[in-house]
Amino acid sequence: MRGLVAAVLATGLLAACGSEESSGIRQRAKQPGALAHDAPSAALIPADDLPPDGTRSLFDHLIAAHGQIPYPFDRLVALIGKQDPDGAAPLTLLVPQGRSLLKGLADEAHPRVLVAADFQAAATPASLGLNPRGQLFLGFVENASEIEVLSYNEAAGRYEFQLVQNYCAGCIPKLVYARRAVCTTCHQGAVPIFPQRPWNETNGAPATAAAISAARGDSQPYLGVPLANPLGVPERFDQLTDVGGFIPATQRLWIDACGTSADCRRIMLKLALRWLDNPAGFDAQSAEAQQLRTLQAANWPAGGIAVAESDLANRDPIEEARGIKGWWRRLTTRQPKPGEGARTNEDLDAFDRLPKLQAAFDPLSPRPPKRLLTAADLDGVYGLAALFSDADRQLLEAAAGFDAARLETAVDRIDEHFFAPAVYSRVKTVNALLAALASAPLNYCCLDTSELSPPVASGEPPVVLAANSPLKPYEQYCFACHRGNPAKKLNFMSGADEAAVLANIKAKEAIREALDWPRYQGTDRANKLMPPADSLQHARLQAALAQNPKLLDEMRAVVPGMFDF
């Protein structure tokens, strides 16, 4: 009997102490990143919380084009789906017991929802198509009223970490840029991350799907997401994070592997187009490939170029709770209370008070790179080729008269300054090639920031209104769309304090017209009335009017009319 007890204790101790627990997220966020600060790419792709001037995330551009952040969450997912030319819904998964900063607020009844865009849009005669495959991910915990957004910034060559805070019924959502140092404690290398096969944490695992269904008491979709998914969904999600995870390495290969050599980047692009034309026939030992290796060797960083590890070890929370190991863990590890933990991505101390995961499963644990590239590798070629969409390839082939040699020759006609050390942009590259082929360059939806409002950093305090402020109705019925909106033309209720917000509202005379319901309802201008007729704010304003029929007049009185003196 003593032997059995000893064996049980030994098993438990090994399970509980077999690997060192990782340090807390607050301490990890203070540690420097893995990228060498003297690398050229570190200067060209900064690690600041806000995006570089003149650049924004893909998510910002999508929301600005739509006009507001859709609510509820299934409408936001549908907005992403509408960008897909095939009308297919994005990939969605449920994770009840995950490893995110908000994991304490997710459970089987209210699991975390993951979303990934998986499409490439065709070009039109005027514009290049979107290519968000592996470049747009969302994570939503309903109990936290917060969406985490990982979205690529084409002009800056990096992923942006954003939050949609206060995302709930009747609330005023706020889109902000998160603290990058905190996000990259888990997203090491600033890349998307996801567990490895067989993805037991997700509802692709039958046991996890069954636990969600049991907790919810039915089999109806949660926030529009099926409670059970085929295993192919997490598998594809895993592939997309791998695709996205290589983009930062591609930027380093374009910038750091070539140093100041324009010839190096020119040959790299030529070879990428050659691979794109015929992957199976690509000759990695050709004269041009050997020349690229030689040029890379002359500039290669001393520490090599690392490909960040985007894969987390598979974890099975249900299996962890079973048997002797589960009994021992419950005996030796404090079990979190329901709802315990961080309630927002800024509540780091509450997250650190949660029981720690074993280091092998904790995304906070430092992970070695997936690969450490050398100058002999041609991964820059493959990385550039992967950034072109199928529509880009077809467009360039047609412009070159379906002559692969002519397309390669076009690279030689691109101006030298294009190949100076700079962030690589798929859009700018396609347009440079089109120009070299005597074709007109195309517009792109998601580069110009002139009509976007300034980005907002997480932690900026919300505006505080006085108890009798005339802006109170605006706060309830208008701020959700017109304060913090990434579209400059719709962000006309911005301002650091009440006086600034009031001044901006007074300067927008069109508000009087948008609130003149009695005059325009039932006319061809009814669609200009605000709030939008299909919005929650519209329904609540209608209910308020039943109690105070003069409410619209009071709101319009805040904005001076043309003949007010």
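The structure presented is a predicted model; accordingly, all values stated were derived computationally and were not measured.

K.L.:
I keep staring at the overall build of the protein and nothing clicks. Help me out?
P.N.:
Per the secondary structure count, the protein includes 25 helices and ten strands. Here the C-alpha radius of gyration of the protein, 26 Å, is about what a compact globule of 565 residues would show, namely 24 Å. Across its three principal axes, the protein shows a C-alpha extent of roughly 85 × 80 × 40 Å. By the burial criterion, 51% of the 565 residues in the protein qualify as buried. With the model as given, the accessible surface of the protein reaches about 25,800 Å², and the carbon-plus-sulfur share is 56%. In the protein, 55 positive and 63 negative side-chain charges are present, and the distance between their average locations comes to 4 Å.

K.L.:
Hey, could you run me through unusual backbone geometry in this one?
P.N.:
A negative phi angle characterises most non-glycine residues, just as the trans form characterises most peptide bonds. Tyr71 connects to Pro72 through a cis peptide bond whose omega is 5°. Along the chain, the position of Pro72 falls in the loop between helix H4 (58–66) and helix H5 (73–82). The omega angle of the peptide bond from Met530 to Pro531 is -5°, so this bond is cis rather than trans. Examined against the element boundaries, Pro531 turns out to sit in the loop between helix H23 (517–520) and helix H24 (536–547). At Asn166, a position not held by glycine, the phi torsion is positive, near 60°. Relative to the elements of secondary structure, Asn166 occurs in the loop between strand E5 (158–165) and strand E6 (174–177). The class of Asn166 is partly exposed, set by a relative accessible area of 38%.

K.L.:
It is not clear to me how the packing of helix H9 (residues 247–255) against helix H10 (residues 262–277) should be interpreted in this structure. Could you clarify?
P.N.:
When two helices pack together, their arrangement is given by the angle between the helix axes and by the axis-to-axis distance. Where H9 meets H10, the closest approach of the two axes is 9 Å, and the angle between their N-to-C directions is 135°. By the angle between their axes, H9 is oblique relative to H10. Residues Leu253, Trp254 and Ile255 of H9 pack against Arg265, Met268 and Leu269 of H10. Each residue belonging to the contact of H9 with H10 can be placed in one class, and the counts come to five nonpolar, no polar and one charged.

K.L.:
Looking at this structure, I do not really get the pattern of salt bridges. What am I missing?
P.N.:
Under the definition given, this model contains 26 salt bridges. Its salt-bridge partner being Arg274, residue Glu408 comes within 2.8 Å of it at the nearest N-O pair. One end of the pair, Glu408, is in helix H17 (residues 404–412); the other, Arg274, is in helix H10, with 134 residues separating them in the sequence. Judged by its relative accessible area of 23%, Arg274 falls in the partly exposed class. One network of salt bridges, with partners in common, ties together Arg99, Glu201, Arg315 and Glu320.

K.L.:
What is the right way to look at the confidence of the model for the protein in this model?
P.N.:
Reading predicted coordinates in detail is not appropriate for stretches of low pLDDT. Looking at the protein, the pLDDT average stands at 89 and 91% of residues meet or exceed 70. This model gives residues 1–20 a pLDDT under 50, and the stretch forms 15 contacts once residues within four places in sequence are excluded.

K.L.:
Where do I start with H9 in this structure?
P.N.:
Along an α-helix, a turn takes 3.6 residues, which lines up residues three or four apart on a common side. With respect to burial, H9 is a largely interior element, nine of its nine residues being buried. Turning to H9, its buried residues are Ile247, Pro248, Ala249, Thr250, Gln251, Arg252, Leu253, Trp254 and Ile255.

Conventions we followed
Residues numbered from 1 in each chain as written. Predicted model: local features only at pLDDT ≥ 70, side-chain atom pairs only at ≥ 80, totals over all residues. Heavy atoms only, no water. Helix = DSSP H or I, 4+ residues; strand = E, 2+ residues; numbered from the N terminus. Rg over C-alpha atoms; globule rule 2.2 N^0.38 Å. Buried < 20%, exposed > 50% of the residue type's maximum accessible area, 1.4 Å probe, protein only. Areas by Shrake-Rupley, 256 points an atom, 1.4 Å probe, with all protein chains shown as cover. Lys, Arg positive; Asp, Glu negative; His and termini not counted. Charge placed at Lys NZ, Arg CZ, Asp CG, Glu CD. Axes fitted to C-alpha atoms, helices over the stretch in contact; angles between N-to-C directions. Parallel < 35°, antiparallel > 145°, perpendicular 65-115°, else oblique. Contact = heavy atoms within 4.5 Å. Nonpolar A, V, L, I, M, F, W, Y, C, P; charged D, E, K, R; others polar. Salt bridge = Lys/Arg side-chain N within 4 Å of Asp/Glu carboxyl O. pLDDT = per-residue confidence, 0-100.

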